[in-house]
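Below are the chains, spelled out letter by letter.
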Amino acid sequence: MTPRETLEHWQRAGRRVVHEADAKDLLQRIGVPVPTRDPAEGPCVAKLCHDDYPHKSDHGLVRLGLSPQEAAQATAEMSARIPGGTPLIEAMENNAVAEWIIGCKRDDTFGPIILAGPGGILVELIDAAEIRLAPAEPQTAEAMLNSGPGAKLLAGLRGAKPADSAALADLISRISVFFAENADLISEIEINPVMVRADTKGLIAADALIVLAPAAEKREHDT
Amino acid sequence: MAEQDTNQSAANRLSVTEALDGLFDPRTIAVVGASRTKGKLGQAVLALLKSNGYGGKIIPVNPSGGEIEGLKAARTLEEIEEPIDVVILATPVSVALDALEVCTRLDVKVVVGVTSGFSEAGEDGHENEARLRRIMQDAPFRLVGPNCEGVVRPASDLQLTFSPMFNGLRPGPVAMISQSGALAGLMALRLGDRGVGINAIVSSGNETDLTAADLLDYLGNDPQTRVVLCYVEELRDGRRFAEAAQRLTKAGKHVVAVKGGRSRAGSRAVQSHTGAMAGDDRVISAVFRETGVIRARESVAAVDAVTALAAGRRPAGNRVGIISVTGGLGVEMTDLAESAGFEVPVLAEATQTALSRYVPFYGSVSNPVDLTGVVLTNPTYVGRCLEAVAADPGVDIAIAIITFVPDQQFIEALAEAYETTDKPVLIIWTGAARSDASGDSLRDRAVPVYDSPARAASGLSALMAMKGEVA
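Small disclaimer: the values here were computed from a predicted structure and weren't measured.

### Looking at the overall build of chain A
Each helix and strand in chain A was counted, giving eight helices and ten strands. Computed over its C-alpha atoms, the radius of gyration of chain A comes to 18 Å, within 12% of the 17 Å expected for a compact globule of 223 residues. Projecting the C-alpha coordinates of chain A onto the three principal axes gives extents of approximately 50 × 45 × 30 Å. A separation threshold of at least 6 residues defines the contact pool for chain A, and within that pool the share at least 24 residues apart is 67%.

The following block contains the structure:
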């Protein structure tokens, strides 16, 4: 199945929120780097992914810094508590110098847009995201990273190493193109955080979420 | 989805360009609802069309026939045998809908619907709206409005409106698109007061057919247009609007927009940070910025921005030279310019020497230049000082500040100084309103004149066009 066929398949199955494990599978196919699954050594992250629980931490469905054995126990415990989820054990990223959010949505007025800015817990603290029309060309993505307070974070505050902005710009552009091409099927894509390593070292999507658009026949009923 | 259907279904529908070419340079206009009774919309429309000197054929349409305003009236639209470029509907809503239906069978290019009582009337307008949409589905013509104040094009002496707010405008580089007729009037009057020329004004009303994006694309591409001023509350085809704006700004034209009204966002459940972070207002600011649209906070700031841009002079940089007949206003202008990101540098020595011929020892020739009241003793001095500052190689934009005007020659000297330079010049004339007649030489040249430093600062910000928003 092409990524688009996968999206259509999910939509037909009546899914609205596509949980992290499935979202990452799809994003990996369009070139988004994701963490190693089921690593032989720790530290690991253990999660239980479920369409009905997109905010995993609120439900105790994320545990960090575990050994592979502890991670397996943790996901078993979570699955016992919330049936129907997909366990996800991944290598934990420890080399990031910046955490970023990349988000796409369909704006009511302008259609597909892309947003990028300081991610992780910083999304709660500052309102520094840059917004552009999607698809955003690579130069536009670079401009997003050079604008606003986020630019200083990427350049490295007080002697910190500069982040791999080139890899981040490439990812922003890539996601925006994929979203714009499939905006009839997708309402939102969010990768938060993207763990950005030091310059030339690349990045990893630590969490991801896809929200599907309602199927066409259903949409007509809604409006 | 219904909106799109009306735009696509009729195979024989005129293109936007065909229709608007007819609208802005019409040979024949039919005024439905033309009346002899003062106070009726149709009476006002016909009277304004005539009194503004429209040279084409006007056909009043009124069931009683006879003559109205000295013109032979048709009893119905069907009686008119020739092609009609524009039909304006200025009747109560049910009559207007009947006439609109008749238009589908006639050779009509554009209908302008001044009439109200459609979707904007809520529940009460629901049936009218439904009928309007049914008629438009197969209509070969295009519709402006309904619920609008009409269309104005000074170069064609065309005043298709019931509002006298658009009287006496001169042709020029500004096109205006407004979803509010009253705001169009407010902005047009103020631009006209400054002598800023108008290419066309369209009050687009409910935009049942022709949208702000259609109009932006058409008016922006007109070689006469240098600046497009938009007041919008809801951009139905926002993506096309943004794309049209980007084409224009890339081609060196300007788009200044006021977005009125907070939209009803946030009602949907937010499943992601993206949804919360990309709220409607932030997206509008971001997209305007990306596409080169200057966003003005409100309509008067927009007028101030457009006034500066309409003059067509681009600054080479951000260095401002300020001369003032009073210290205080020069200081305030300097503060505002600097906080908007401009520099107010010390003037070149040659400029200072030139200025010191006119400025007494207790004034200042650095920057801002305090000319002091002494310059009022000779009517040409302020003009010469402006020339000197504008000629300074370290100055990109010159600002001259005056209060009251001792005589006509004083203003003429300023207007002549404006002509001696290609650099942008802004005049702050705090007493402008009270010395109206003496401003003709500035108005004739559409010199950007402001009544306060703050309003001049809106114009100043707009000159650095890609900077985004003006207060």
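After that view, the rundown keeps rolling.
### Quick notes on the sheet that holds strand β19 (residues 449-450) of chain B
Residue and element names in this part refer to chain B. The strand order across the open sheet built from five strands is β16-β15-β17-β18-β19, with neighbouring strands paired in parallel fashion. Each having just a single partner strand, β16 (369-370) and β19 make up the two edges of the open sheet. Here strand β15 (residues 320-324) runs beside strand β17 (residues 397-402); their pairing, made up of five bridges, is parallel. What sits directly across from I323, in β17, is A400.

### Re the domain arrangement of chain A
All names here are of chain A. For chain A, the assigned domains read domain 1 (3-34 + 94-220) and domain 2 (44-91). On a C-alpha basis, the centroid separation for the pair domain 1 and domain 2 is 23 Å. With seven residues of domain 1 at the contact, the number on the domain 2 side is seven residues. Sorting the residues of the side of domain 1 that touches domain 2 by element identifies β1 (17-18) and α2 (20-29) as the ones contributing at least two each. In terms of residue class, the side of domain 1 that touches domain 2 is made up of four nonpolar, one polar and two charged.

### Re the sheet that holds strand β4 (residues 86-91) of chain A
Residues and elements named next belong to chain A. The strand order β3-β2-β4 describes an open sheet built from three strands, whose pairing is antiparallel. Each edge of the sheet is formed by a strand with only one pairing partner; in this case those strands are β3 (62-66) and β4. The mean inter-strand angle of the sheet, taken between neighbouring strand axes irrespective of direction, is 20 degrees. Packing against the sheet, helix α3 (residues 68-81) makes contact with β2 (44-49), β3 and β4, and its axis sits at approximately 15 degrees to β2.

Criteria and cut-off values
- Residues numbered from 1 in each chain as written.
- Chains lettered and ligands numbered in written order.
- Predicted model: local features only at pLDDT ≥ 70, side-chain atom pairs only at ≥ 80, totals over all residues.
- Helix = DSSP H or I, 4+ residues; strand = E, 2+ residues; numbered from the N terminus.
- Rg over C-alpha atoms; globule rule 2.2 N^0.38 Å.
- Contact = placed C-beta atoms within 7 Å.
- Pairing = 2+ DSSP bridges.
- Domains from an automatic or database assignment.
- Nonpolar A, V, L, I, M, F, W, Y, C, P; charged D, E, K, R; others polar.
- Axes fitted to C-alpha atoms, helices over the stretch in contact; angles between N-to-C directions.

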